[in-house]
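A look at the structure
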Amino acid sequence: MLPDENNRLVGAASLIRDVTQEARNNEFLRENDERFRALYEDMPMINFIAHTDGRLLTVNHFAADRLGYDVAELASLSLQDVVHAADMELLETQLEYCLENPNEVDSAQFRMICKNGDVLWVSDYARRISDPRMEESILLVCSDITPMKEAEEALEKGHERFQLIARNTREMVARHSIDGFLIYISPGCSYLLDYQPDDLIDLSLFEMLHPDEEEDIRELFKSAVEDREILTENLRIRHRDGHYIWCEMSISPVTDPVSNEVVELVSAIRDISRVIELEESLRSARAGLAEGEGGISPQQLEDAREEARREFAEELAEIQAAHKEDLQQLKDAKARSSSGTIAEA
């Protein structure tokens, strides 16, 4: 307004400023905010925005459903209420890192406690949020990895059980890669070959065989993988002092419970030197020694062989049964993981 000396209005002045870019910026921020909220709410992940002291500022519906709360109830809690007490120190360290490094994303694995007491393993990504409209806060995006952890635990228990059985037999029990390298070998190798297990890990079984049997055992491995069968063969293995020991090896393929591909082989190897000696004695007897004059009868040989087979078969069956049970547990855990992913989608 422009008044004259008598305070009468005689004109007006205006100031015009171009705010087009500012309006565009505000619209851009509004659209981005809407996209973020839609992504935050609709993503099938456990999403929290938490104050630096652990208070939950916002949660999404998926998080509430997964933990067994309604949204308002969960949002009234803190991280201390839903994170396993044993893992809180880890999470606090993560929050501190995010505050000190505002442009960095950190990740961790920890346990959450559902309203009903169930435990969920989660893997999270966390980052500090710099927004003047909000309190100092941290965004946590968590995925449920419980089925994966259950599968890992089942596999670990399987290996422990396998090794427990293997440690308590005098036979040599081993796990091999499909090309023959030793992944695990039981303490029975000390009794049989005078080696300690650590001496043989990562060595090829084929390097320890008598040259006359190496090619046959390579074919045995190949057949076990291709035919998915338990196969048995006699072979000579080199003792630490250089001489060869006659052994019987039964080898069994191990398949991945999901892909059904053979991933390794398990073998049980026992000393049959005495049986070979009996066979040699029998051949000598048949060549001219009369029964009862220093030789052995066919029945004695058969009885000895049958007793050795029975003892070996019992131990091998126990090992294979335990391995089969452990693989089924791993398959069940992976199946739960697959069905959980489908359900979330």
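Just so you know, the residues in each chain are numbered from 1, in the order the chain's sequence is written. Local features in this predicted model are restricted to residues whose pLDDT is 70 or higher, and side-chain atom pairs enter the listing and the counts only when it is 80 or higher, whereas totals over whole chains, interfaces and linings include all residues. To obtain the side-chain values, all non-hydrogen atoms of the structure were used and water was disregarded.

**Notes on the overall build of the chain**
For the chain, the helix and strand inventory stands at 11 helices and 12 strands. Considering the chain as a whole, with its 345 residues, one finds that 37% of them fall into the buried category. Any two residues whose heavy atoms approach within 4.5 Å at even a single point are treated as in contact. The contacts in the chain between residues at least 6 apart in sequence include a share of 46% that link residues at least 24 apart. Approximately 20400 Å² of the chain is accessible, and the part contributed by carbon and sulfur atoms is 49%. We count a stretch as a helix when DSSP gives it H or I for four or more residues in a row; a strand needs E for two or more, and each element gets its number in order from the N terminus. Throughout, exposure labels follow a simple rule: accessible area from a 1.4 Å probe, protein chains only, divided by the maximum for the residue type, with under 20% read as buried, over 50% as exposed, and the rest as partly exposed. Working definition of accessibility: Shrake-Rupley area with a 1.4 Å probe, residue cover restricted to the visible protein chains.

**Thoughts on the sheet that holds strand β3 (residues 46–51)**
Think of it this way: DSSP has to see at least two bridges between two strands before they count as a pair. Pairing within the open sheet is antiparallel, and its five strands lie in the order β4-β3-β7-β6-β5. In this open sheet, the two strands that pair with only one neighbour each are β4 (56–59) and β5 (106–113). Each strand of the sheet is rotated relative to its neighbour by a mean of 30°, with strand direction disregarded. By the bridge criterion, eight bridges tie β5 to strand β6 (residues 119–129) in an arrangement that is antiparallel. Across the sheet, F110 pairs through a bridge with V122, a residue of β6. Its contacts with the sheet put helix α5 (residues 88–100) on β5, β6 and β7 (137–144), and the angle it makes with β5 is roughly 145°. Note on geometry: axes are lines fitted to C-alpha atoms, helical ones only across the stretch in contact, with angles between N-to-C directions running from 0 to 180 degrees.

**Observations regarding the pattern of salt bridges**
Note on definitions: salt bridges are taken to be side-chain nitrogens of Lys or Arg within 4 Å of carboxyl oxygens of Asp or Glu. This model, assessed by the stated rule, comprises 10 salt bridges. A salt bridge links E213 to R236; the nearest nitrogen and oxygen atoms lie 2.6 Å apart. With E213 in helix α9 (residues 211–227) and R236 in strand β10 (residues 231–238), the pair connects residues that are 23 residues apart, well separated along the chain. By relative accessible area, which is 19% here, R236 ends up buried.

**Comments concerning the confidence of the model for the chain**
Looking at any residue, its pLDDT shows the predictor's confidence there, from 0 to 100. Chain-level statistics for the chain give a pLDDT mean of 78 and a share of 63% at 70 or above. The secondary-structure element of the chain with the lowest mean pLDDT is helix α1 (residues 20–42), recorded at 56, while helix α4 (residues 79–82) shows the highest, at 94. Taken together, the stretch residues 289–294 has pLDDT below 50 and engages in three contacts with residues farther than four places along the chain or on a different chain.

**A look at the environment of S177**
Among the structural elements, S177 can be located in the loop between β8 (172–176) and β9 (182–185). Sequence spacing of S177 and E264 is 87 residues, and the spatial spacing of their C-alpha atoms is 4.8 Å. Non-local contacts of S177, meaning those with residues more than four positions away in its chain, are made with I183, F221 and L265.

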